[in-house]
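# Coordinate inspection notes
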Protein chains: 2
Amino acid sequence: MGRLTGGDPSLLRRINSAVVLHALRTVESATLTDLVRVTGLSRPTVEGVVEGLTDSGLVVETPAEEGEARRQGRPARRFRFRAEAGHLCGIEIGPHRVSALLSDLDGRLLGSVAREVTVAASADERLERLRGAVADLLKRAGVARSSLRAVGVGSPGIVDAEGNVALSTALPGWTGLPLGDRLRRSFRCPVLVENDANTAAVAEHWQGAATRSDDVVFVLAGLSPGAGALIGGRLHRGFGGAAGEIGALHLLGGEAPPEQVLSTTGEPLHPLDEEQVARVFALARAGDAGARAAVSRFIRRLVHDVTALVLALDPELVVVGGWAAGLDGVLDPLRTELARYCLRPPLVEQSVLGEAAIATGALRLALDHVEEQLFAVESTVTARR
Amino acid sequence: MGRLTGGDPSLLRRINSAVVLHALRTVESATLTDLVRVTGLSRPTVEGVVEGLTDSGLVVETPAEEGEARRQGRPARRFRFRAEAGHLCGIEIGPHRVSALLSDLDGRLLGSVAREVTVAASADERLERLRGAVADLLKRAGVARSSLRAVGVGSPGIVDAEGNVALSTALPGWTGLPLGDRLRRSFRCPVLVENDANTAAVAEHWQGAATRSDDVVFVLAGLSPGAGALIGGRLHRGFGGAAGEIGALHLLGGEAPPEQVLSTTGEPLHPLDEEQVARVFALARAGDAGARAAVSRFIRRLVHDVTALVLALDPELVVVGGWAAGLDGVLDPLRTELARYCLRPPLVEQSVLGEAAIATGALRLALDHVEEQLFAVESTVTARR
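Per an unreviewed UniProt entry, chain A is named ROK family transcriptional regulator, and its organism is Streptomyces buecherae.

Here's what the structure looks like:
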């Protein structure tokens with residue numbers, strides 16, 4: 001059982017420091033008197049904490065405003081949080097492209113980069129392409145690599161807690177790759193690797209279609225869909241990081257593999273060739289019978305997969321992203337069928353962040369990591385239970 | 001943000017009281033000196049708290065042992081937690097029977113009762129049958145109804161937070177029933193109503209097949225299976241209490257309803273007639289071709305449903321209960337197919353608690369409720385965030 005009494009002075013210092021930092025972060029600037037009032041700490045404690053935070057570079061004294069200086073003999077010193085004291089990077093490593101976002105410690109976006117990469121690229125080639133893109137991004141933004149405090153990464157597959165890819169069929173050479181370790185060689189800061197549908201779910205919850213719900217399933221819809229779920233606002237990774245990998249359900253009945261579902265010729269499509277897929281949808285719209293049948297097969301399977309997720313998890317909201325979300329005629333049948341077959345049908349919305357979802361969620365994970373270290377009083381305390 | 005400084009004296013009293021109660025509950029009896037040492041509280045605080053707890057009936061001074069009295073002039077007073085100061089009831093309301101378990105505040109079982117009820121019974125008849133059974137149980141155990149501190153109930157269907165049955169196809173007149181309110185008329189204490197597969201999951205985690213895992217899916221296997229999931233040791237109810245109701249998945253493809261899956265004649269079985277079901281399994285074992293095909297259809301569907309749950313949730317362990325768990329040839333194909341089709345296959349175990357699972361889990365929910373009120377220091381504090 002946790003003890004609430006008794007004292008660990010270093011823990012107390014950390015808590016007080018976090019309280020002051022949190023207070024400073026919510027305002028533009030504050031005087032010591034403001035901080036004493038808002039935090040409930042004593043003046044000497046606040047002074048000591050602010051001095052320590054100033055030494056560490058996280059807080060800076062703001063220059064006195066001229067008007068203020070004139071009005072009073074000696075204006076009260078003001079302090080502000082230095083969001084520019086560190087930076088964060090959110091990275092997507094996908095089949096077609098690598099992309100990255102850069103932000104300050106407030107999560108304010110400072111720049112972005114995206115580079116195409118061929119589906120067939122090896123793991124080394126893909127990572128090299130990423131390194132080049134990030135180097136350019138940092139250079140353009142004028143941010144030193146050493147200023148990065150955390151890097152988040154979203155990528156297809158099952159990823160373990162250390163950032164190793166346990167399984168990924170989407171990218172060549174990805175299964176078994178120690179992705180976290182490989183990236184930690186480039187970034188001398190914590191690197192958090194997560195499944196791409198999971199980071200996209202986090203992103204839509206942060207600033208996309210799911211900001212008003214804490215119980216969300218995000219479906220990364222493609223030939224073989226993946227999903228990420230938030231339960232009570234927290235990412236549900238599953239015991240082995242494999243939660244939401246619903247695509248395997250159709251292998252069970254000996255059904256056609258996903259590459260064949262949208263085929264009009266019997267020849268399997270390349271699972272990642274979006275142009276081929278778009279052609280089939282265009283043909284279907286133009287009335288081609290074979291294409292219509294293929295599209296109908298595709299939608300039926302997607303509906304089945306999403307229904308399975310919804311019945312298992314009972315979310316408030318389903319957000320559909322990935323390339324299939326942008327195609328005509330996917331969302332409406334999904335809504336209709338979920339309303340028919342789910343005992344408690346969820347809302348269904350299209351992704352707001354689109355292509356940016358995966359990298360945005362990865363950035364949020366990096367931000368969460370830094371906030372936990374810097375600002376979280378609760379987690380500082382509860383971690384000691 | 002939570003404030004850690006400053007004082008709410010009534011909160012502090014509650015915390016101190018919970019700390020002392022918790023300490024007393026883990027030992028047979030303790031002296032005030034023991035309590036001062038274990039809790040870290042001052043002697044006057046401990047004395048005040050123990051006095052208050054004694055007044056409330058939760059703590060009692062134990063008579064001095066004779067030997068001790070002789071050895072020393074005046075032995076130190078000893079106190080113990082009165083587990084008999086209140087009682088808990090765990091109830092199952094199912095299609096074929098109602099059952100109930102009675103325990104003290106330590107969760108120690110004091111008695112049980114089970115009564116058959118016809119599948120066709122109305123809601124009133126079913127509840128009347130339950131009332132009679134519980135009255136007998138209390139009488140036999142010599143426990144006054146007013147001594148009940150909380151009652152937990154497990155029943156089929158989607159149940160909302162107030163204990164209303166939003167939907168239940170298994171019991172006549174159950175959909176729309178304000179079950180919690182109806183039971184609160186009989187019991188003048190908190191009544192917690194929960195889906196039956198959910199309480200069974202809680203039970204297996206408490207003292208069944210899942211005591212060593214916090215990430216569990218419990219499958220209540222019948223013609224149309226339901227499931228309950230624990231994530232990180234906590235029940236996952238879903239946004240609307242419908243999580244795990246996977247049985248609806250097969251309605252989607254226009255597949256045969258569950259009553260027809262095990263039929264050998266084309267005539268649907270009664271979904272709840274277990275004797276009819278057992279006959280089909282016996283025929284299959286005896287080599288009857290029609291029965292074998294029916295059993296194979298049944299198992300294939302169960303495997304599909306469980307696979308969907310496992311892909312969505314990625315549990316460490318699947319526990320299979322319900323009547324189908326006891327039938328030959330259900331668990332092995334489940335293990336084989338999950339290992340084949342799940343990217344990270346879970347362990348599969350049979351329910352240990354069997355028939356008692358639902359009522360046992362309901363009892364645990366009642367116990368959780370009382371413990372939260374009496375003992376939970378952490379929840380007292382965190383509820384104020």
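What chain A contains, in helices and strands, is 13 helices and 15 strands. Viewed in the frame of its principal axes, chain A has a C-alpha envelope of about 85 × 45 × 45 Å. For chain A, the share of sequence-separated contacts (at least 6 apart) that also reach a separation of at least 24 residues comes to 64%. About 17,300 Å² of surface is accessible on chain A, with carbon and sulfur atoms providing 49% of the total.

So, about the sheet that holds strand β12 (residues 226–231) of chain B. Residue and element names in this part refer to chain B. Within the open sheet, the five strands sit side by side as β13-β12-β11-β14-β15. Their pairing is mixed. The open sheet is flanked by β13 (234–236) and β15 (347–350), the only strands paired with a single partner. The mean angle between the axes of side-by-side strands here comes to 25 degrees, regardless of whether they run parallel or antiparallel. Sheet topology note: the strand β11 (residues 216–220)/strand β14 (residues 317–321) ladder contains five bridges and is parallel.

It is worth spelling out the sheet that holds strand β5 (residues 97–104) of chain B at this point. Residue and element names in this part refer to chain B. One open sheet holds the five strands; their spatial order is β6-β5-β4-β7-β10, and the pairing between them is mixed. Here the strands that pair on one side only, and so sit at the sheet edges, are β6 (109–116) and β10 (191–195). Pairwise comparison of adjacent strand axes, ignoring direction, gives a mean angle of 15 degrees for this sheet. Helix α5 (residues 123–141) contacts β4 (87–93), β5, β6 and β7 (148–155) of the sheet and is inclined by roughly 150 degrees relative to β6. Strands β7 and β10 of the sheet are contacted by helix α7 (residues 196–207), whose axis makes an angle of about 100 degrees with β10.

So, on to the domain arrangement of chain A. Residues and elements named next belong to chain A. Domain annotation for chain A reports domain 1 (9–81), domain 2 (86–202 + 357–374) and domain 3 (211–351). Centre-to-centre separation of domain 1 and domain 2, based on C-alpha positions: 34 Å. Taken together, the contact between domain 1 and domain 2 spans five residues of the former and six residues of the latter. Of the roughly 470 Å² buried where domain 1 meets domain 2, counting both sides, 52% is carbon and sulfur surface. Among the residues domain 1 hides against domain 2, the three largest losses belong to Arg 25, Leu 58 and Phe 81. Together they make up 78% of the total. Here domain 1 is connected to domain 2 by two salt bridges. Asp 106 is the partner of Arg 25 in a salt bridge, and the nearest nitrogen-oxygen pair spans 3.0 Å. Counting the contacts that link domain 1 with domain 2 gives three residue pairs in polar contact (both at pLDDT 80 or more). Broken down by element, the side of domain 1 that touches domain 2 gets its largest block of residues, three residues, from helix α1 (residues 9–25).

As a further point, take the pattern of salt bridges. For the structure on display, the rule yields 42 salt bridges over all chains. With a shortest N-O distance of 3.6 Å, Glu 84 of chain A and Arg 82 of chain A are connected by a salt bridge. For Glu 84 of chain A, a relative accessible area of 36% corresponds to the partly exposed category. Under the relative-accessibility criterion, Arg 82 of chain A is labelled partly exposed at 25%. Residues Asp 332 of chain B and Arg 335 of chain B are paired through a salt bridge, measuring 3.4 Å at the closest nitrogen-oxygen approach. Placement of both Asp 332 of chain B and Arg 335 of chain B in helix α11 (residues 331–341) is noted, with a separation of three residues, approximately one turn of the helix. Of the residues examined, Asp 332 of chain B reaches a relative accessible area of 52% and is grouped as exposed.

To continue, consider the packing of aromatic side chains. By the definition in use, this model includes four aromatic pairs over all chains. Look at Phe 281 of chain A and Phe 298 of chain A: their rings are 5.9 Å apart centre to centre, the planes differ by 85 degrees, and that puts the pair in the edge-to-face class. Taken together, the positions of Phe 281 of chain A in helix α9 (residues 274–285) and Phe 298 of chain A in helix α10 (residues 289–313) put the pair 17 residues apart, joining distant regions of the chain. Here Phe 298 of chain B and Trp 323 of chain B contribute two aromatic rings whose centre-to-centre distance is 6.0 Å and whose plane-to-plane angle is 15 degrees, an arrangement assigned as stacked. Residue Phe 298 of chain B is found in helix α10 (residues 289–313), and its partner Trp 323 of chain B is found in the loop between β14 and α11; the two are separated by 25 residues along the sequence. Within the aromatic cluster, the residues linked to one another by ring pairs are Phe 281, Phe 298 and Trp 323 of chain A. Arg 364 of chain A extends its terminal NZ or CZ atom over the ring of Trp 206 of chain A, reaching a point 5.0 Å from the ring centre.

All names here are of chain A. Positioned with a positive phi, Asp 314 is a non-glycine residue whose angle comes to about 50 degrees. Examined against the element boundaries, Asp 314 turns out to sit in the loop between α10 and β14 (317–321). On the accessibility criterion, Asp 314 (2% relative accessible area) is buried.

This paragraph deals with the pairing of strand β3 (residues 78–81) of chain B. Residues and elements named next belong to chain B. The alternating pattern of β3 places Phe 79 and Phe 81 on a buried face, while none of Arg 78 and Arg 80, on the opposite face, is buried. Relative to β3, strand β1 (residues 30–31) runs antiparallel, the two being bridged by two bridges. Bridge assignment links Thr 31 to a residue of β3, and that residue is Arg 78. Where strand β2 (residues 59–62) lies against β3, four bridges are found, and the strand directions are antiparallel. Bridge pairing links Glu 61 to Phe 79 in β3.

Bringing the environment of Arg 145 of chain A into the picture now. Residue and element names in this part refer to chain A. Mapped onto the elements, Arg 145 comes out in the loop between α5 (123–141) and β7 (148–155). In this structure the C-alpha to C-alpha distance between Arg 145 and Gly 86, which are 59 residues apart in sequence, comes to 9.9 Å. In this structure Arg 145 touches Ala 135, Leu 138, Ser 186 and Phe 187, once residues within four positions along its chain are discounted. From its side chain, Arg 145 meets the backbone oxygen of Ser 186 in a polar contact 3.1 Å long.

Residue and element names in this part refer to chain B. Restricting attention to buried positions, one finds in helix α2 (residues 32–39) the residues Leu 32, Leu 35 and Thr 39. The arc enclosing the buried residues of α2, seen along the axis, measures out at 60 degrees, which places them on a common side. Of the residues trailing α2, Gly 40 is marked for its positive phi of about 80 degrees.

Ranked by size, the top nonpolar core spans 82 residues in total, and within it Leu 262 of chain A together with Leu 262 of chain B carry the most contacts. Apart from the residues lying within four places of it in its own chain, the contact partners of Leu 262 of chain A are Leu 223, Leu 269, Val 277, Val 280, Phe 281, Ala 294, Val 295, Phe 298 and Trp 323 of chain A.

Residue and element names in this part refer to chain B. For the pair α7 and helix α12 (residues 357–374), the least separation of the axes is 7 Å and the interaxial angle reads 80 degrees. Regarding the angle of α7 to α12, the classification is roughly perpendicular. Mapping the contact onto sequence places Asp 196, Thr 199, Ala 200, Val 202, Ala 203, Glu 204, Trp 206 and Gln 207 in α7 and Ala 357, Ile 358, Thr 360, Gly 361, Ala 362, Leu 363, Arg 364, Leu 365 and Leu 367 in α12. Residues of the contact of α7 with α12, tallied by class, amount to ten nonpolar, four polar and three charged.

A few words now on the environment of Leu 171 of chain B. All names here are of chain B. Looking at the secondary structure, you find Leu 171 in the loop between β9 (165–167) and α6 (179–186). Take Leu 171: its relative accessible area is 3%, and that puts it in the buried class. Distance in space between the C-alpha atoms of Leu 171 and Ala 357 is 19 Å, their sequence separation being 186 residues. In contact with Leu 171, not counting residues within four places along its chain, are Ile 93, Gly 94, Pro 95, Arg 126, Ser 155 and Pro 156.

Below, the discussion takes up the packing of α10 of chain A against α10 of chain B. Each pair of packed helices can be summarised by the angle the axes make with each other and by the distance between the axes. Between α10 of chain A and α10 of chain B, the shortest axis-to-axis distance is 9 Å and the interhelical angle comes to 75 degrees. In terms of orientation, α10 of chain A lies roughly perpendicular with respect to α10 of chain B. For the pair α10 of chain A and α10 of chain B, the contacting residues are His 304, Ala 308, Leu 309, Ala 312 and Leu 313 of chain A in the first and His 304, Ala 308, Leu 309, Ala 312 and Leu 313 of chain B in the second. Here the contact of α10 of chain A with α10 of chain B is composed, by residue class, of eight nonpolar, two polar and no charged.

Criteria and thresholds
Within any chain, residue numbers begin from 1 and follow the written order of that chain's sequence. Written order decides the labels, with chains lettered from A and ligands numbered from 1. Totals for whole chains, interfaces and linings use all residues, but because this is a predicted model, local features are given only for residues with pLDDT of at least 70 and pairs of side-chain atoms are given and counted only at 80 or more. Derived side-chain values reflect all non-hydrogen atoms in the structure, with water molecules and hydrogen atoms excluded from consideration. Numbering of helices and strands starts at the N terminus; helices are DSSP runs of H or I of at least 4 residues and strands are runs of E of at least 2. Two residues qualify as a contact provided that any one of their heavy atoms is within 4.5 Å of a heavy atom in the partner residue. Here the open area of atoms and residues is found with the Shrake-Rupley method and a 1.4 Å probe, where only the protein chains shown may cover a residue. Two strands form a pair only when DSSP identifies at least two bridges running between them. A fitted line through C-alpha atoms represents every axis, and for helices the fit uses only the stretch in contact; the resulting angles, taken between N-to-C directions, go from 0 to 180 degrees. Here the limits of each domain have been adopted from an automatic or database domain assignment. Two parts lose some accessible area (1.4 Å probe) when they are put together, and adding that loss for both gives the buried area. Salt-bridge detection follows one rule: a side-chain nitrogen of Lys or Arg within 4 Å of a carboxyl oxygen of Asp or Glu. Any N or O atom pair separated by 3.5 Å or less is treated as a polar contact, with the protein-specific requirement of one donor-capable and one acceptor-capable atom, and with residues adjacent in sequence counted only for side-chain atom pairs. Here the term buried applies to any residue with accessible area under 20% of the maximum for its type, exposed to any over 50%, and partly exposed to those in between, with areas from a 1.4 Å probe on protein chains only. Stacked, tilted and edge-to-face are the three classes applied to pairs of Phe, Tyr and Trp rings, where Trp contributes its six-membered ring and a pair requires centres within 6.5 Å; stacked means planes under 30 degrees apart, edge-to-face means over 60, and tilted covers the rest. In this analysis the charged atom, NZ for Lys or CZ for Arg, is taken to sit over a ring once it is within 6 Å of the ring centre and within 35 degrees of the ring normal. It is the directions from the helix axis to the C-beta atoms that the arc portrays. By nonpolar core we mean a set of buried residues, namely Ala, Val, Leu, Ile, Met, Phe, Trp, Tyr and Cys, connected to one another through side-chain atoms within 4.5 Å. Note on terminology: angles under 35 degrees are roughly parallel, angles over 145 are roughly antiparallel, angles of 65 to 115 are roughly perpendicular, and the others are oblique. Three classes are used: nonpolar for Ala, Val, Leu, Ile, Met, Phe, Trp, Tyr, Cys and Pro, charged for Asp, Glu, Lys and Arg, and polar for all others, with Gly counted as polar.

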